[in-house]
Amino acid sequence: MKVSILNVTKDPYDQRVYYKDALALVGSGHEVSIITSYPEEEITEDNIRIKPFTHKQRTLTSPFVLPARFISLFFLLKKAIQEDPDVYYCTEPDAWLVGLGAKIFTNSKVILNVLEHYPGSISFRLPKIFRKPAEVILGFITRFFARFADHVIFAGNGLRQIFNKLPDNKSTVVLNCSKYQSPRPAEKHLGKGEATFKVIFVGMMTKTRGSEQIRDALIDSIKKDSEITLEIVGDFFRNGKKDDEYRRSFESSLEVAGVSDNFSVTSWIPFKEVREHLEDSDVGLFLGLPANKNNNYGPAHKMFDYMSAGIPIIASKYLAYKDMISDNSCGILVDPYKPKEISEAILYLKRNPEKAREMGLNGWEAAEEKFNWKEEEKKLIGAFEGLI
């Protein structure tokens, strides 16, 4: 089976689409290409062909230049029709439109990928007065598109429920589980015999992911226990773009509070290297605020990454993944708007290493038995092969 993955602005080496979906399809003997806005020349890696649809790279695909964005869709459509695969796999709303358009000119099937609550994540960038009507309109548009697809893959059950009129036989939930399972948690996760107690956050640090509350909680907890540290593996973002000024503002606040030595940032690194940082940590942190609808649906992949690494989780009690954490007793749920509550959770795990180990082990066992990519990729492959 020949599969063409259509990207508009998404990185061709996206953690889910490339390292999980594309590699799973190649591993099952299928021919895979990714049509994207960059690199400038076609390359092949891991038996996956990465093909640019324009030599102007990101210029035409800037999300903030709407006319240029529409032009980019034309170039992507042209390239998609030339490919004429068995299946178009469309990974973002713009690509949905292109894939469904290309279907008119080919005999190809179309699979849409719903990784986020797109109406919420897109409308949240607008002024508050426009967010609700925009979310309603975008919700209608995305559900309308889904009616014409041959199949839809959802990253979580919460996302699937939004498309409640979609027939069950046209959809598959494929959780964004970790592809790598660490060895059974060792004593280092007890917080014993170590000079520090490391809290880790993996991914984009933004206001909607609780950056301000994390900052205040870190200051409070370190003042009570100087062995606590925070490492961010990723970077700071604002308005969808990396923002060094925002990072400096965060670091400046820690300097004023006298705790900057307990904080570090490791910029983007290959995911296999991220595993080493996870396994060297004592607790994983993710506190997405419910104000952004995208945080309310479908667990983020970092939740599964923390579980598979065998470390306990501190997470928001309001969000979609709260049941996953409470049902498996693998972490502590807190109010993400209350830094004091976050700080108390960190201190509790620091002072109760046996309980921290128990939570970490519970998460690791849940990942080993249920929440792992080995099981999820079977569902992914089944969805594709079921169309041919």
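Quick note: structure is the one above.
Chemist: Teacher, can you tell me more about the packing of helix α7 (residues 211-224) against helix α12 (residues 339-351) here?
Modeler: Look at α7 against α12: their axes get within 8 Å of each other, and the N-to-C directions meet at 45°. What the angle tells us is that α7 and α12 run oblique. Along this stretch, α7 crosses α12, giving a crossing that reads as right-handed. On α12, the residues that touch Q213, D216, A217, D220, S221 and K224 of α7 are P339, K340, I342, S343, I346, L347 and R351. Class assignment of the residues belonging to the contact of α7 with α12 gives a composition of five nonpolar, three polar and five charged.

Chemist: Would you explain the sheet that holds strand β5 (residues 87-90) in this entry?
Modeler: Two strands in a sheet stick together by hydrogen bonds in their backbones, pointing the same way (parallel) or opposite ways (antiparallel). Spatially, the eight strands line up as an open sheet ordered β3-β4-β2-β1-β5-β6-β7-β8, and their pairing is mixed. The open sheet has two edge strands with one neighbour each: β3 (43-45) and β8 (171-173). Between one strand axis and the next, the sheet turns by 20° as a mean value, whatever way the strands run.

Chemist: Looking at this structure, I do not really get the pairing of strand β6 (residues 109-114). What am I missing?
Modeler: Of all six residues in β6, five are buried; the element is thus mostly enclosed. Pairing of β5 with β6, which is carried by four bridges, proceeds in the parallel orientation. Opposite Y89, over in β6, you have I111 as the bridge partner. Relative to strand β7 (residues 151-154), β6 runs parallel, the two sharing four bridges. When the bridges of β7 are listed, V114 appears paired with F154.

Chemist: What exactly am I supposed to notice about the side chain of K302 here?
Modeler: Summarising the element assignment, K302 is placed in helix α10 (residues 301-309). One buried charged residue, K302, forms no salt bridge at all, with the nearest opposite charge on D305 at 7.1 Å. Excluding residues that lie within four positions of it along the chain, K302 makes contacts with F201, V202, G203, R209, L285 and F286.

Rules used in this analysis
Position numbers for residues count from 1 along each chain, tracking the sequence in the order it is written. Local features are withheld for residues below a pLDDT of 70 in this predicted model, meaning they are given only at 70 or higher, and side-chain atom pairs are given and counted only at 80 or more; totals for whole chains, interfaces and linings count all residues. Excluded from the side-chain calculation are hydrogens and water; included are all heavy atoms of the structure. Here the axes come from fitting lines to C-alpha atoms, over the contacting stretch only for helices, and the angles between their N-to-C directions go from 0 to 180 degrees. Secondary structure follows DSSP: runs of H or I at least 4 residues long count as helices, runs of E at least 2 residues long count as strands, and numbering of each begins at the N terminus. An angle below 35 degrees is read as roughly parallel, one above 145 as roughly antiparallel, one from 65 to 115 as roughly perpendicular, and any other as oblique. Two helices that cross are described as forming a left-handed crossing if the nearer one is turned anticlockwise from the farther one by less than a right angle, and a right-handed crossing if clockwise. A contact between two residues is defined here by any heavy atoms of the two lying within 4.5 Å. Classes in brief: Ala, Val, Leu, Ile, Met, Phe, Trp, Tyr, Cys and Pro nonpolar; Asp, Glu, Lys and Arg charged; the others, Gly included, polar. In this analysis, strands are considered paired if DSSP registers two or more bridges between them. Throughout, exposure labels follow a simple rule: accessible area from a 1.4 Å probe, protein chains only, divided by the maximum for the residue type, with under 20% read as buried, over 50% as exposed, and the rest as partly exposed. For this count, His and the chain ends are skipped, Lys and Arg are scored as positive, and Asp and Glu as negative. The salt bridge criterion pairs a side-chain nitrogen of Lys or Arg with a carboxyl oxygen of Asp or Glu, the two atoms within 4 Å.

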